[in-house]
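Understanding the architecture of this molecule
Listed below, chain by chain, are the residues.
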Amino acid sequence: MQNMSKQLFLSVCLSFVATETNAAETIAINPISIVPLLDGRCGNDEWQAATKIELPAQASIYLLHDKDYFYICAKGKAEDITVLDLYIEHTETGNLHKFHLSAQMGESVLTDKGWEGVSGKWILKDYAGFWVPYSGLEDPENRKGPKWAKGTHRQVQVSRNKFPGNTWNMMFGVSAINHEGNWNSEFFYPEKAVATDKSTWRRLSLSE
């Protein structure tokens, strides 16, 4: 009985170590020779070679890189608006950067006061993307209730000169996803990642 208890304890310990190792492993992002179009579609030929990450509710993330840029595309269902938050750690400064794409685009950095914008609206430094398109008004006569297009995908390209090295510590958040009756469900990768805690993020390699 005592031997069985020891074996059970050892098995639990090994399982915990394996889980920690898997969580800390570096994932390779596939390289590409054709520059992806920022056209709101992950399904074009150039995205077929992407490293793909599956999320709940049929959402997914596609990742690519070349010698100049890192590319990400977040894909939802036809009825989803799909909002993307991309987080990247600057390994030299230690700053945590957030790129937000909804009806507008912006970059912010985590400070003691929270996430603060690093530039004015639509001033994009070393990155670009495809935001949520405007699709009219609920009440055109009174100019009220803006509507946003559904079914397009969020895309970002970030210059590799903006962040040092070939391995980036990152986190992704995808929201405005229809799931189980909630139109604004949000999912993260890694699943339990916390935006303000870089130790919960995942390292991804941009090497050839």
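Sequence order as written defines the numbering, with residues in each chain counted from 1. In keeping with the predicted nature of the model, local features appear solely for residues at pLDDT of at least 70, side-chain atom pairs appear and are counted solely at 80 or more, and the whole-chain, interface and lining totals rest on all residues. To get the side-chain values, all heavy atoms of the structure are used, and hydrogens and water are removed first.

Quick word on the overall build of the protein
Selection criterion: The helix and strand labels rest on DSSP assignments: H or I over at least four residues marks a helix, E over at least two residues marks a strand, and numbering proceeds from the N terminus. In this scheme, a residue with accessible area under 20% of its type's maximum is buried, one over 50% is exposed, and one in between is partly exposed, where area comes from a 1.4 Å probe on protein chains only. In what follows, a contact means two residues having at least one pair of non-hydrogen atoms within 4.5 Å. Residue burial considers only the protein chains on display, and all accessible areas are found by Shrake-Rupley using a 1.4 Å probe.
Within the protein, the regular secondary structure consists of one helix and 15 strands. For the protein, the residues scored as buried account for 42% of the 208 residues in total. Considering only residue pairs separated by 6 or more positions, the protein has 56% of its internal contacts joining residues 24 or more positions apart. As presented, the protein carries roughly 11800 Å² of accessible surface, and 52% of it is formed by carbon and sulfur atoms.

Quick look at the nonpolar core
Quick note on the threshold: We define the nonpolar core as a collection of buried residues of types Ala, Val, Leu, Ile, Met, Phe, Trp, Tyr and Cys that are connected through side-chain atoms lying within 4.5 Å of one another.
Grouped together as the largest cluster of nonpolar side chains are 30 residues, with contacts concentrated most on L63, F70, I72, L86, M170 and F172. Elements supplying a minimum of two residues to this core: β3 (60–65), β4 (69–75), β5 (83–89), β6 (96–101), β12 (154–159), β13 (167–179) and β14 (182–189). It is β13 that contributes the most residues to this core, five residues altogether. I32, Y62, L64 and C73 belong to the second-largest nonpolar core, a separate cluster that totals eight residues.

Digging into the sheet that holds strand β2 (residues 51–54)
Paired through their backbone hydrogen bonds, the strands of a sheet run either parallel or antiparallel. Heads up, the condition is: The criterion for strand pairing is that DSSP finds at least two bridges linking the strands in question. Comment: axis = line fitted to C-alpha atoms, over the contacting stretch for helices; angle = value between 0 and 180 degrees taken between N-to-C directions.
Taken together, the five strands give an open sheet; going across it, the order is β2-β3-β4-β12-β9, and neighbouring strands pair in antiparallel fashion. Looking at the sheet topology across the chains shown, the edges are occupied by β2 and β9 (127–130). Adjacent strand axes in the sheet meet at a mean angle of 15°, parallel and antiparallel pairs treated alike. The pairing of β3 with β4 spans six bridges and is antiparallel. The residue bridging L63 from the neighbouring strand is I72, located in β4.

Things to note about the state of the cysteines
Stated formally: Cysteine sulfur atoms are paired as a disulfide whenever they fall within 2.5 Å.
Counted under the stated rule, the structure contains one disulfide. Residue C42 pairs covalently with C73 via a disulfide, S to S 1.8 Å. Since a negative S-S torsion denotes a left-handed disulfide, the C42-C73 link at about -90° is left-handed. Here C42 is found in the loop between β1 (27–28) and β2, whereas its partner C73 is found in strand β4, with 31 residues between them in sequence. By relative accessible area, C73 is classed as buried at 0%.

Focus on the pattern of salt bridges
For clarity, the cut-off: In what follows, salt bridge is the name for a side-chain nitrogen of Lys or Arg lying within 4 Å of a carboxyl oxygen of Asp or Glu.
What the rule picks out here adds up to five salt bridges. Note that E54 and K52 form a salt bridge whose closest N and O atoms lie 3.3 Å from each other. What makes E54 exposed here is its relative accessible area of 56%. For K52, a relative accessible area of 43% translates into the label partly exposed. As a salt-bridge pair, K67 and D68 come within 3.1 Å of each other at their nearest N and O atoms. Given a relative accessible area of 66%, K67 falls into the exposed group.

Some details on the environment of I32
Within the secondary structure, I32 sits in the loop between β1 and β2. Note: C-alpha distance between I32 and L64 (32 residues apart in sequence) is 6.6 Å. In this structure I32 touches E46, L64, H65 and D66, once residues within four positions along its chain are discounted.

Take it as geometry only, folks, not as evidence of what the structure does.
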